[in-house]
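Each chain is listed here by its residues.
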Amino acid sequence: MQFRSLLAGSAMLALLAGCASGPTDQGEDAGMTASQTNYQGTLPCRNCDGIDLNVTMMGEEMSAPEERTFTLNATYRNHPQTPPDENYEGNWEVLSGTPSDPDATVYELTPNGDGQIYYFQRINERTLELIDPERRRFENGEMLQLQRQ
């Protein structure tokens, strides 16, 4: 089962069911000022105990596009089919605004080669939240949050 399929199912499950693991502990620094920033959290999973997500973003918002890269690693907890970890690399962009907040900051993560584009809204200096491709937050978005480490 691929991460993008589980991601869509997990997001829908979070929207409809409203039960899943919460985010991991928070880190110590705030802001996107370091040349490398790591975010971690656990997303809901309908067939397992959760999907541990680790996103590392290299570069800064004002860096040249080729300097803004990322890695995204997904690990499934206690999945009955024991799928392998999924690892993606690519570039990220900064987008402005969402339908509900024209001042919001959104990070668009585009994997190299085949793969789904991921959108994370910056909730605050310590928190990113997975949002849909239309840049809308899910109803139970707090379950889709990653915390800066």
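Here, the structure is the one placed above.
In this report, the structure presented in the accompanying data block is examined. (Residues numbered from 1 in each chain as written. Predicted model: local features only at pLDDT ≥ 70, side-chain atom pairs only at ≥ 80, totals over all residues. Heavy atoms only, no water.)

**Some words on the sheet that holds strand E8 (residues 145–148)**
Alright, step 1. Pairing is antiparallel around the closed barrel formed by eight strands, whose spatial order is E1-E2-E3-E4-E5-E6-E7-E8. Direction aside, neighbouring strands of the sheet carry axes that sit 30 degrees apart on average.
Alright, step 2. Direction of pairing for strand E6 (residues 118–124) relative to strand E7 (residues 127–131): antiparallel, over a ladder of five bridges. Residue pairing in the sheet places Phe120 in a bridge with Leu130 of E7. (Pairing = 2+ DSSP bridges. Helix = DSSP H or I, 4+ residues; strand = E, 2+ residues; numbered from the N terminus. Axes fitted to C-alpha atoms, helices over the stretch in contact; angles between N-to-C directions.)

**A closer look at the side chain of Glu108**
Alright, step 1. On the secondary structure map, Glu108 appears in strand E5 (residues 105–111).
Alright, step 2. Buried within the structure, Glu108 lacks any salt-bridge partner; its nearest side chain of opposite charge belongs to Arg135, at an N-O separation of 6.7 Å.
Alright, step 3. A polar atom in the side chain of Glu108 sits 3.0 Å from the side chain of Tyr119.
Alright, step 4. Ignoring anything within four residues of it in the chain, the contact list for Glu108 reads Asn91, Trp92, Glu93, Leu95, Ile117, Tyr118 and Tyr119. (Buried < 20%, exposed > 50% of the residue type's maximum accessible area, 1.4 Å probe, protein only. Lys, Arg positive; Asp, Glu negative; His and termini not counted. Salt bridge = Lys/Arg side-chain N within 4 Å of Asp/Glu carboxyl O. Polar contact = N/O pair within 3.5 Å; in protein donor to acceptor, adjacent residues only side chain to side chain. Contact = heavy atoms within 4.5 Å.)

**Remarks on the state of the cysteines**
Alright, step 1. Taken as a whole, this structure holds one disulfide when the rule is applied.
Alright, step 2. Here Cys45 connects covalently by a disulfide to Cys48, the sulfurs 2.3 Å from one another. Handedness here is read from the sign of the S-S torsion; for Cys45 and Cys48, about 125 degrees, the answer is right-handed. The pair Cys45 / Cys48 is uniform in exposure class, with both members buried. (Disulfide = S-S within 2.5 Å.)

**Focus on the pattern of salt bridges**
Alright, step 1. If you walk through the whole model with that rule in mind, you get five salt bridges.
Alright, step 2. For Asp52, the salt bridge identified is with Arg77, shortest N-O distance 2.9 Å. Taken as a pair, Asp52 in strand E2 (residues 50–58) and Arg77 in strand E3 (residues 69–77) lie far apart in primary sequence, 25 residues in all.
Alright, step 3. A residue is classified by how much of its surface remains accessible, and Arg77, at 32% relative accessible area, is partly exposed.
Alright, step 4. We note a salt bridge from Glu129 to Arg137, for which the minimum N-O separation is 2.8 Å.

**Some points on unusual backbone geometry**
Alright, step 1. Even without glycine at this site, Thr82 takes up a positive phi of about 45 degrees.
Alright, step 2. Looking at the element boundaries, Thr82 is found in the loop between E3 and strand E4 (86–96).
Alright, step 3. Judged by its relative accessible area of 64%, Thr82 is exposed.
Alright, step 4. Positive phi, normally seen in glycine, also occurs at Arg135, with a value near 65 degrees.
Alright, step 5. Take Arg135: it is sitting in the loop between E7 and E8.
Alright, step 6. Judged by relative accessible area, Arg135 falls into the partly exposed class, the value being 26%.

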